[in-house]
Amino acid sequence: RFRRVPPCAKPLASVLPLAAIAMVLRFGRRQLGFGLGLSIALQADAFYLPGVAPTEYHEGSRVDLKVNKLTSVKTQLPYRYYVLPYCQPEAIHVSAENLGEILLGDSIENSLYDVRMNHNASCAMMCERKLSQADKEQFRNMIEHEYQVNWLVDNLPAAMRYYRRGDDSFSYTNGFPVGIKRDGRYYVNNHIRIGLQYHIDHTKFDGFRVVGFEVYPQSLVQTKRAGATGGEEASCDDADDLSPRFDVMEHDSIIYSYDVTWTQSTVPWASRWDVYLRMHEGQIHWFSIVNSLMIVLFLSGMVAMILLRTLHRDIAKYNDMSADDSTEETGWKLVHGDVFRKPRHSKALAVAVGSGVQLLVCSAVTLLFSAVGFLSPVHRGSILQGMLLLFTFAGILAGYISARFYKMWKGEDWKKTTLLTAFLYPGTVFCIFFVLNLFIWGTKSSGAVPFTTMFALLVLWFGISVPLVFLGAFFGYKKAPISLPVRTNQIPRQIPEQPWYISGVFSSLIGGVLPFGAVFTELFFIMSSIWQHQFYYLFGFLMLVIVILVVTCAEISITLTYFQLTNEDYNWFWRSFFASSSSAIYVFCYSILFYYTRMQIGHYVGALLYFGYMFVISYTFALLTGAIGFSATFFFIRAIYGSIKID
């Protein structure tokens with residue numbers, strides 16, 4: 001469907017000309033969607049966020065080409081670049097990594113590639129390596145599992161450009177393959193065409209700025225010959241023939257070489273990441289988001305209109321009732337003496353709501369910071385590290401919220417509730433993470449998190465998060481209980497037999513459809529980014545989806561709870577939580593469908609990683625959406641019972 005072309009064959013297409021928020025990762029109008037990127041955007045090159053200022057190079061100065069991990073969508077197990085017999089420098093220096101990079105398995109190291117600013121190179125020879133049988137088998141195994149090589153130049157990832165047949169539209173893929181399998185033979189890419197683009201503007205800065213990095217790998221059978229300067233050089237005789245030639249199983253040595261081609265570009269430094277957004281699914285993504293938005297807004301508006309009209313009529317009827325004793329209460333007013341009765345397992349509900357609010361605040365702040373560039377994907381691992389730190393400090397909210405609700409229900413075992421809030425969700429996630437990490441460690445993958453990092457995570461958890469949860473719980477219990485508009489009767493009212501379609505399981509499963517419908521389109525692109533190593537920087541769309549999700553969860557929980565109360569069933573606390581959180585079941589089911597239709601994982605550890613982490617994501621989604629539904633319903637119930645006259 002796509003044909004590959006060398007990066008030097010066509011210059012980088014000009015990107016959408018526009019203003020953006022002052023950040024490295026700026027969004028065009030199409031990506032931000034509906035003007036969510038704010039009309040107050042500034043010219044991007046007028047201001048840079050701390051730590052993301054551009055680097056200017058002078059003519060002929062060295063431009064470091066760094067190597068990163070080898071990745072595969074078939075195994076999901078990354079490996080260090082130098083596990084393969086590539087040309088190694090005398091001393092390998094590992095770049096300083098943040099916590100997020102370590103958790104993602106990044107291993108950024110120096111290389112022997114000698115790249116000079118605005119100096120082209122043709123068939124530059126790096127080294128010749130002897131190949132043992134073990135080396136050949138390792139190459140064969142990597143090619144069989146379709147491993148990709150990842151490079152970096154000036155913090156830009158190497159990308160391959162693919163053109164669609166019949167037109168000039170193209171997309172980028174991250175990295176380039178180790179080799180190619182064809183007719184049962186394994187060809188190693190030992191010659192790389194490196195295409196680099198630079199931008200100059202003498203009126204604003206001195207020197208050159210790197211704004212593009214493309215690669216095109218080739219498999220060549222090469223020989224050494226005497227160079228013009230007296231040294232050895234590679235032949236590269238068949239470089240114009242793009243078909244693979246170097247069969248690794250038939251050779252006992254391999255020569256590595258590369259070309260460097262510099263071209264001037266009109267793309268400014270602040271817009272250099274925009275080209276990675278040129279995905280062939282872009283229009284599909286846009287129309288799917290708009291379609292999802294319209295459907296959800298229409299359904300939400302319709303539900304809200306019906307609910308408000310019905311409620312207005314009920315409240316007016318109840319308040320206009322005659323004061324004589326012969327008037328019989330009906331509908332949701334009938335259960336006013338039981339509607340705030342302490343639910344079963346109130347401790348677990350308080351813990352779940354507290355953890356859900358913690359996750360909601362953490363996700364919202366992370367997304368906001370990502371959208372404005374403070375947690376930009378330009379800095380690998382910054383988003384994951386930011387989420388961990390925000391989750392840690394949001395523990396004070398979890399403790400406060402769980403304490404407030406548990407005190408409202410007159411719970412006495414506050415110590416156990418606070419301990420569960422501090423340990424249940426983080427402990428579950430950490431245990432899954434630890435077990436999966438043992439499997440990764442057994443494969444000798446660079447994705448295995450070292451025990452020193454594990455210890456750092458435990459310090460964050462026990463040293464910061466847990467004390468903050470207890471501090472929040474202290475403030476929560478210290479305050480007066482939440483005031484309720486009606487008193488609870490001492491003797492619970494008998495609940496009449498309910499129709500099957502009002503039952504808890506059925507209504508909750510139906511309720512989860514709408515929140516899932518709000519996110520399933522974006523979920524596809526996020527999962528493709530995580531598991532298929534594709535570029536994802538559309539935070540404008542994601543912010544829009546989160547807003548839709550919050551509104552949808554609130555409305556569906558309120559609606560189902562209202563219908564439940566009109567049928568004189570006052571056990572609504574858990575029902576309002578599950579009405580939204582059941583959408584996590586659909587998320588996990590969708591991940592199973594995605595696995596069998598889009599993934600090609602052939603390694604059991606990769607399958608364990610996929611389903612383990614998708615369970616964690618679904619569990620997180622359940623707590624987050626459940627907390628939204630429960631909180632919105634609680635304030636709704638308190639408002640409607642406070643608006644009627646109760647004798």
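The coordinates are above.
Quick caveat, the model's predicted, so the values are computed rather than measured.

Each pair of packed helices gets described by two things: the angle between the helix axes and the distance between those axes. Between helix α10 (residues 504-511) and helix α13 (residues 573-581), the least distance of the axes is 6 Å, while the angle of their chain directions is 40°. In terms of crossing hand, the pair formed by α10 and α13 is right-handed. From α10, G504, S507, S508 and G511 reach across to α13, where they touch R575, F578 and A579.

Let us now look at the state of the cysteines. Simply put, disulfide is the name for a covalent bond between the sulfur atoms of two cysteines. Applying the stated rule across the entire model yields two disulfides. At a sulfur-sulfur separation of 1.8 Å, the disulfide partner of C87 is C127. As the torsion about the S-S bond is roughly -90°, the C87-C127 disulfide counts as left-handed. In this pair, C87 sits in the loop between β2 (65-71) and α2 (99-104) while C127 sits in strand β3 (residues 121-130), placing the two residues 40 residues apart along the sequence. With its sulfur 1.8 Å from that of its partner, C123 forms a disulfide with C236. When the S-S torsion is 85°, as for the bridge of C123 with C236, the disulfide is right-handed. With C123 in strand β3 and C236 in the loop between β14 (232-234) and β15 (253-264), the pair connects residues that are 113 residues apart, well separated along the chain. Judged on exposure class, the residue C123 and its partner C236 are both buried. If one numbers only the bonded cysteines of the protein, in the order they occur, the disulfide pattern is 1-3, 2-4.

Another point: the side chain of S346. Residue position: S346 is located in helix α5 (residues 346-371). Of the residues examined, S346 reaches a relative accessible area of 5% and is grouped as buried. Once residues within four sequence positions are removed from consideration, S346 is found in contact with Y406 and W409.

Under the 1.5 Å per step criterion, the end-to-end length of helix α8 (residues 414-442) is 42 Å for 29 residues, consistent within 8% with the ideal 42 Å. The largest bend along α8 reaches roughly 30° and is located at G427. Within α8, burial applies to T417, T418, T421, A422, Y425, P426, G427, F430, F433, L436, N437 and I440. Against the buried residues of α8 lie α2, α5, α6 (382-393), α7 (395-408), α9 (451-478) and α15 (604-641). After α8 finishes, the residue K444 shows a positive phi value of roughly 60°.

Counting 70 residues, the largest nonpolar core has W332, F405, Y610, I637 and Y641 as its most contacted members. Sort the elements by how many residues they give to this core and α15 lands first, with 15 residues. If near-sequence neighbours (up to four positions away) are discounted, F405 is found in contact with V353, I482, F630 and F634. Listed in part, the 60 residues of the second largest apolar core include Y147, L196, I254 and Y256.

Moving on, we get to a nonpolar patch on the surface. On the surface, F434, V435, L438, F439, F451, Y604 and L608 cluster together into a nonpolar patch covering about 660 Å² of accessible area. Ranked by residue count, the leading element in the nonpolar patch is α8, at four residues. With respect to the element layout, F439 can be found in helix α8. Residue F439 is classed as partly exposed on the basis of its relative accessible area of 34%.

A word on the side chain of R341. Examined against the element boundaries, R341 turns out to sit in the loop between α4 (282-319) and α5. Polar side-chain contacts of R341 include one of 2.6 Å to the side chain of D338. A distance of 2.7 Å separates a polar side-chain atom of R341 from the backbone oxygen of N489. Once residues lying within four places of it in the same chain are set aside, the contact partners of R341 are T488, N489, Q490, I491, P492, Y570 and F573.

Okay, helix α14 (residues 583-598) next. The end-to-end C-alpha distance of α14 is 21 Å, a good match for the 22 Å that 16 residues give at a rise of 1.5 Å each. The set of residues buried in α14 consists of S583, A584, V587, Y590, S591, F594 and Y595. The buried residues of α14 occupy an angular sector of 145° when projected down its axis, which confines them to one face. The exposed set on the far side of α14, more than 90 degrees from its buried face, consists of Y596 and T597. Summarising the contacts, the buried residues of α14 are in contact with α11 (513-531), α13 and α15.

Calculation notes
Residues numbered from 1 in each chain as written. Predicted model: local features only at pLDDT ≥ 70, side-chain atom pairs only at ≥ 80, totals over all residues. Heavy atoms only, no water. Axes fitted to C-alpha atoms, helices over the stretch in contact; angles between N-to-C directions. Helix = DSSP H or I, 4+ residues; strand = E, 2+ residues; numbered from the N terminus. Left-handed = near helix turned anticlockwise from the far one by under 90°. Contact = heavy atoms within 4.5 Å. Disulfide = S-S within 2.5 Å. Buried < 20%, exposed > 50% of the residue type's maximum accessible area, 1.4 Å probe, protein only. Expected span 1.5 Å × (residues − 1). Bend = angle between axes of the 7 residues up to and from the residue. Core = buried A, V, L, I, M, F, W, Y, C linked by side-chain atoms within 4.5 Å. Patch = residues over 30% accessible without salt bridge, like charges linked within 9 Å, V, L, I, M, F, W, Y side chains within 5 Å. Areas by Shrake-Rupley, 256 points an atom, 1.4 Å probe, with all protein chains shown as cover. Salt bridge = Lys/Arg side-chain N within 4 Å of Asp/Glu carboxyl O. Polar contact = N/O pair within 3.5 Å; in protein donor to acceptor, adjacent residues only side chain to side chain. Arc of directions from axis to C-beta.

Everything listed here is a matter of geometry and, on its own, says nothing about what the molecule does.
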